[in-house]
Amino acid sequence: MTLHVLCVGGEDHALRIPFLAALRSRGFRVSAAGTGAALPFSNSGIEYHRYDFNRFGARVADRLAVGQLSQLVRGIRPDVVQTFDTKPNLLAPLAVRGAIPIVRTINGMGWVFSSAQLKALAFRPAYLALQRLAACWTSATVFQNKEDSDFFRRYRLLGKSPAVLIGSSGIDVDAFDTARAQAPSTAQLRTELGLGDDEVVMTVSRLTVQKGIPTLLDAAAIVREVRPGVRFLLVGPRESEGPFAVDQALIDRYAPHVIALGARSDVPALLGIANVFAFPTEYREGIPRVLLEAGLAGVPIVATRMPGCGDVVVENCNGHLVPPRDPRALAAAILDLLQDPARAKSMGQRSIALVRREFDLNVVADRYADLYRKLIFTGRRSEDPAALSRDVHEDRRVSQHSGKSS
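So, how was this worked out
- Residues numbered from 1 in each chain as written.
- Predicted model: local features only at pLDDT ≥ 70, side-chain atom pairs only at ≥ 80, totals over all residues.
- Heavy atoms only, no water.
- Helix = DSSP H or I, 4+ residues; strand = E, 2+ residues; numbered from the N terminus.
- Rg over C-alpha atoms; globule rule 2.2 N^0.38 Å.
- Buried < 20%, exposed > 50% of the residue type's maximum accessible area, 1.4 Å probe, protein only.
- Contact = heavy atoms within 4.5 Å.
- Areas by Shrake-Rupley, 256 points an atom, 1.4 Å probe, with all protein chains shown as cover.
- Lys, Arg positive; Asp, Glu negative; His and termini not counted.
- Charge placed at Lys NZ, Arg CZ, Asp CG, Glu CD.
- Core = buried A, V, L, I, M, F, W, Y, C linked by side-chain atoms within 4.5 Å.
- Pairing = 2+ DSSP bridges.
- Axes fitted to C-alpha atoms, helices over the stretch in contact; angles between N-to-C directions.
- Salt bridge = Lys/Arg side-chain N within 4 Å of Asp/Glu carboxyl O.
- pLDDT = per-residue confidence, 0-100.
- Parallel < 35°, antiparallel > 145°, perpendicular 65-115°, else oblique.
- Nonpolar A, V, L, I, M, F, W, Y, C, P; charged D, E, K, R; others polar.
- Domains from an automatic or database assignment.
- Buried area = accessible area lost by both parts, 1.4 Å probe.
- Polar contact = N/O pair within 3.5 Å; in protein donor to acceptor, adjacent residues only side chain to side chain.

The subject of this paragraph is the overall build of the protein. Looking only at helices and strands, one finds 17 helices and 13 strands in the protein. Computed over its C-alpha atoms, the radius of gyration of the protein comes to 21 Å, within 12% of the 22 Å expected for a compact globule of 406 residues. Principal-axis analysis of the C-alpha atoms places the extent of the protein at approximately 60 × 55 × 40 Å. Looking at the protein as a whole, 54% of its 406 residues qualify as buried. Pairs at least 24 apart in sequence give 68% of the contacts found in the protein among residues at least 6 apart. When the accessible surface of the protein is summed, it comes to about 17,400 Å², and 53% of that surface belongs to carbon and sulfur atoms. Once the 50 positive and 41 negative side-chain charges of the protein are each reduced to a mean point, those two points are 6 Å apart.

Moving on, we get to the nonpolar core. Counting 38 residues, the largest nonpolar core has Met202, Leu233, Leu270, Leu271, Ile273, Phe277 and Leu291 as its most contacted members. With five residues, helix 12 (residues 289-296) is the largest single contributor of residues to this core. Residues within four places of leucine 291 in sequence aside, it is in contact with Phe277, Phe279, Ile301, Cys309, Val312 and Val313. Within the second largest apolar cluster, 30 residues are counted, among which are Val201, Val223, Leu330 and Ala333.

This next bit is on the sheet that holds strand 4 (residues 80-84). If you walk across this open sheet you meet the seven strands as 3-2-1-4-5-6-7, and the pairing is parallel. Edge positions in the sheet fall to strand 3 (47-50) and strand 7 (163-165), since each has one partner strand and no second. Neighbour-to-neighbour, the strand axes of this sheet turn through a mean angle of 20°, independent of strand direction. With four bridges joining them, strand 1 (residues 4-8) and strand 4 adopt parallel strand pairing. Within strand 4, the residue paired with valine 5 across the bridge is valine 80. The sheet contacts of helix 4 (residues 86-96) involve strand 1, strand 4 and strand 5 (102-106), and relative to strand 5 the element is tilted by about 165°. Those strands touched by helix 15 (residues 361-377) are strand 1, strand 4, strand 5, strand 6 (140-143) and strand 7, and its axis lies near 140° from that of strand 4.

So, about the pattern of salt bridges. Applying the stated rule across the entire model yields 20 salt bridges. One salt bridge in this structure joins arginine 264 and aspartate 266, with 2.8 Å as the shortest N-O distance.

This next bit is on the confidence of the model for the protein. For the protein, mean pLDDT is 90; residues scoring 70 or higher make up 91% of the total. Segment residues 394-406: pLDDT under 50, and five contacts once partners within four positions in sequence are set aside and those in other chains are kept.

We now examine the packing of helix 12 against helix 14 (residues 341-358). If you want to describe how two helices pack, look at the angle between their axes and the distance between the axes. Relative to each other, helix 12 and helix 14 sit at 120°, their axes nearing to 7 Å. Taken together, the axes of helix 12 and helix 14 lie oblique to each other. On helix 14, the residues that touch Leu292, Gly295 and Leu296 of helix 12 are Gly348, Ser351, Ile352, Val355 and Arg356. Of the residues belonging to the contact of helix 12 with helix 14, the class tally is four nonpolar, three polar and one charged.

Another aspect to go through is the domain arrangement of the protein. In terms of domains, the protein is made up of domain 1 (4-170 + 360-388) and domain 2 (173-359). A straight line from the C-alpha centre of domain 1 to that of domain 2 covers 28 Å. With 24 residues of domain 1 at the contact, the number on the domain 2 side is 25 residues. Summed over both partners, the interface of domain 1 with domain 2 comes to about 1,900 Å²; 48% of that surface belongs to carbon and sulfur atoms. Counting across the domain 1 and domain 2 interface gives three salt bridges. Where aspartate 12 meets arginine 206, a salt bridge forms, and the shortest distance between an N and an O atom there is 2.9 Å. Between the two partners, domain 1 and domain 2, sit 10 residue pairs in polar contact (both at pLDDT 80 or more). Of all the secondary-structure elements, those providing two or more residues to the side of domain 1 that touches domain 2 are helix 6 (146-154) and helix 15. Within the side of domain 1 that touches domain 2, the residues separate by chemical class into eight nonpolar, 10 polar and six charged.

It is worth spelling out the environment of alanine 255 at this point. In this fold, alanine 255 is placed in the loop between helix 10 (248-252) and strand 10 (258-262). Of the residues examined, alanine 255 reaches a relative accessible area of 44% and is grouped as partly exposed. In this structure the C-alpha to C-alpha distance between alanine 255 and glycine 75, which are 180 residues apart in sequence, comes to 52 Å.

Take the sheet that holds strand 13 (residues 319-322) next. Backbone-to-backbone hydrogen bonds pair the strands of a sheet. The strands run either parallel or antiparallel. Taken together, six strands build an open sheet; the order of strands is 10-9-8-11-12-13 and the sheet is parallel. Each having just a single partner strand, strand 10 and strand 13 make up the two edges of the open sheet. Averaged over all adjacent pairs, the angle separating strand axes in this sheet is 20°, with direction ignored. With four bridges joining them, strand 12 (residues 301-304) and strand 13 adopt parallel strand pairing. Along strand 13, the bridge assignment pairs isoleucine 301 with glycine 319.

Structural data, given as structure tokens:
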């Protein structure tokens, strides 16, 4: 029997194509629904369905999205619905209402629980109520870090569904290595970007206030007072970020020492020119994919002490962790790495083994595949929700032990 998994996400759902391909290679029929372009999915041979919602608000659009998802599920009748991102995690259970098993992955808590703005604080009670409602029709909830799992338990947001811990959405190590091998030389990239021999501090992120970009800009000014030959590269979208976007005028104020490259498809190559990777997020992250990419590239990391970041960065081992919204601490950590290149390189190398061992796409895909099969074939949701979580964790321990023995 070929099991059909429908994976529902948002506008950047194409980033999960490697995960979907990994599920397909494990014998699943895979289809996807998202709000972005269909071309990346068709190029990968994955059936894609577009629906609409506004991640910045719009209650009417949300109701329409629920109707679209309900119609889609009735039409294609998957065996399991897998959701990622805040709104799909809420909308899909409301659309399906228990007709088909739903697995939600909490890949971060987002703006509502990361921002201290009054608007975010006002949304929190409604968010908690919606999570409790969505839990009524959820078969399992996957968390990427323990802090988020603890939060859901504390506020009773799980209902009767089990909580399962699966670190990250996985990274395709082989594809990353291939992209690096086929990339232009670092000399070519430096020439293209006009960097000369300058040291490079890079971040890959949505260019929003909540991702800590203003803090990074302030830190850049501090760093350059000590080391004038440092350039900061900002890689990621800005225009698509609506009211959260950092003002372009603010970024321009720091030019030419700060260069905003926009969204790029050659991040593995760009990481080859980075001396330090900075990730100043103020978000409650799941496990940030960009930290896995930086780690796999062997770049030492400075990240904020936020949920998800500490699962990848170990203080004084492969990088530094600093408080959020603290440009002086961020600058000091960056300078510490720049001023001792040999030590920084050694720290960066430690990340490579960590990412390959803990976050390889094959490890993650195996755990999701086990979860889907248990939901469908054992009916554990109705019998003993806690047992499902224990079984998936036990499968992981057995898999890891087997891998170490081989």
